[in-house]
Amino acid sequence: MKTITLIGLSTAAMLLTSATVWSLTPPGGSAAASQRSEASPPDAPEAGTAAAGPAASFTSGSTLVLDGRLGHGRLAVDAPGETYLMLEVRGEGAPGASPAAPASLSLVIDRSGSMRGTRLQNAKNAAIAAVDRLRDGDTVSVLTFDTRTQLVVPAQPIGPGSRERIASSIRAIELGGDTCISCGIEDGLRQLDGSGGRLARMILLSDGEATAGVRDVPGFRSIAQRARDRGASITTVGVDVEYDERILAAVAEESNGRHYFVENDAALSRVFEDEAHDLGISIASAAEATIVLGPGVELEQVLDRSFRRSGSSIVVPLGSFSKGETKTVLAKVLVPAGKGASMAIAAVELGWRDTASGATASCAGKLAVDLVADAAKVSAFDPLVEGRLARSETATALALANELFTRGQAGEARAQLDAQRQRVARLAAASAAQPSDAAARGQKEQLDAQLDALRAADEAFTAAAPPGQPPGSRTAQQIRSGKVAVRSSQQRFAPMRL
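Just so it is clear, the model here is predicted, and its values are computed rather than measured.

## Structural notes on the overall build of the protein chain
Looking only at helices and strands, one finds ten helices and 19 strands in the protein chain. For the protein chain, the proportion of its 498 residues judged to be buried stands at 56%. In the protein chain, the proportion of contacts linking residues at least 24 apart, taken out of those at least 6 apart, comes to 77%. Accessible area of the protein chain: about 19400 Å², with a carbon and sulfur share of 51%.

## Quick look at empty space enclosed by the protein
For the structure on display, the rule yields five cavities of 30 Å³ or more. The calculated volume of the second largest cavity comes to roughly 80 Å³. Lining the second largest cavity are twelve residues, with Arg-201, Asn-256, Gly-257, Arg-258 and Glu-325 positioned closest to its centre. Every element with two or more residues in the lining of the second largest cavity is listed here: β11 (232-239) and α6 (268-280).

## A closer look at the pattern of salt bridges
Overall, the coordinates contain 39 salt bridges when judged by the stated rule. For Arg-90, the salt bridge goes to Glu-92, with nearest N and O atoms at 3.1 Å. Judged by relative accessible area, Arg-90 falls into the partly exposed class, the value being 22%. For Glu-92, a relative accessible area of 39% translates into the label partly exposed. For the salt bridge of Glu-186 with Arg-226, the shortest nitrogen-to-oxygen distance reads 2.5 Å. Highlighted residues: Glu-186 in helix α3 (residues 181-192) and Arg-226 in helix α4 (residues 217-229), separated in sequence by 40 residues. What makes Glu-186 partly exposed here is its relative accessible area of 22%. Where salt bridges share partners, they join Arg-201, Arg-258, Glu-275, Asp-278, Glu-325 and Lys-327 into one cluster.

Quick notes on the rules
Residues numbered from 1 in each chain as written. Predicted model: local features only at pLDDT ≥ 70, side-chain atom pairs only at ≥ 80, totals over all residues. Heavy atoms only, no water. Helix = DSSP H or I, 4+ residues; strand = E, 2+ residues; numbered from the N terminus. Buried < 20%, exposed > 50% of the residue type's maximum accessible area, 1.4 Å probe, protein only. Contact = heavy atoms within 4.5 Å. Areas by Shrake-Rupley, 256 points an atom, 1.4 Å probe, with all protein chains shown as cover. 1 Å grid on protein atoms, 1.4 Å probe; cavity = no way out; pocket = protein on both sides within 12 Å on 5 of 7 lines; lining within 4 Å. Points joined across faces, edges and corners; volume = space filled by probe spheres on them. Salt bridge = Lys/Arg side-chain N within 4 Å of Asp/Glu carboxyl O.

Below, the structure is given as structure tokens:
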């Protein structure tokens, strides 16, 4: 889930109840690595094939570029080992590529009683701004929700004669009662169902907690997963500090959308305009990475992303890509003792739909490790993979600190941040002592960003709950500052899971 930081806005926060790490153990095995870019699915590595050329990394693709690499290029031949498999997918786009195909956008706006005052008016202004950003030929629908959903604008194409009519309908939106967020999502998805293969996105705005319909995080994750499986991503926007960031962030994460925290509702138009603009520069949709492990290789964890199992394959949905956008997959694998000079770890394929042509496309590669008899020749941890792993650990530490702080355990939250800061600082010091190359410089940038995020979170928590202050004595301003700190912390750690 890509989370956006807006200039002039206080940043967002998602309270995770646990680290988003999933485990499974499918079969896998030994063989060689190679590169390919055919459209056919990846074959499982075949046993007994010697590796030709560099095998611990590959690059493939053009519109979407897939970089694959292993945490170690060499492992011991006579003992089981472990390493990490990292995929980085970048939206490059072909030079002179044709414009993106028409998109379908559903705007789902909270009109419950808590949206009174400037919030609802600014939400309406933001919705109109988003419609103005859409191109002729794009499709838009607008819904509002309180205890039930109201269809304000049925799905219809944008054109010179429809923009003002749509804007007039949005201006007529009025306040309602309680908050059924799930009602709005479900009905918004029904409006997107007729998008006919277009890039489909929903923008969901709310300023409160779910008081009707589905109310729990697992229930909302299930709804978001259905949206993702139907080809739609959901961008969620939380206004001020009383919304349920766990629900909105989970919906965005599970659907491969984005989550925004907007402390000042006057800035809503920027969010809606950016999302509408992003639809116009999308180059790929329905992207999925398929990893097929070789015999004997076991997958211990996929960090930070949902996945599904299909036989011996691991399929990781990545959603849509805009030009310049990057997403990663990180998995820990267990490698058996082997024979020979090398062992294949995985065959990887990335598939997607080109938004300009509507055609499906793919690129692929294979990853393998060299096997060495001398344990001293086992390679050091690849700096880029180590930096990505540290990002995941830092994101988990920030999430746990958020949870502790929300429970009133400010001291424990700061201790969690300090422990991770010390670990990252040790990695940074070790990295600085190594020869400088592109991988080392990339690791340094990642580690410096993590240290900045950890320091900023610690300072915000300390200001909101100074050490030594008796529990229960926080002022109203400190309580509000604490909520802003939690959401700001989430804004920092969410991109680290990308």
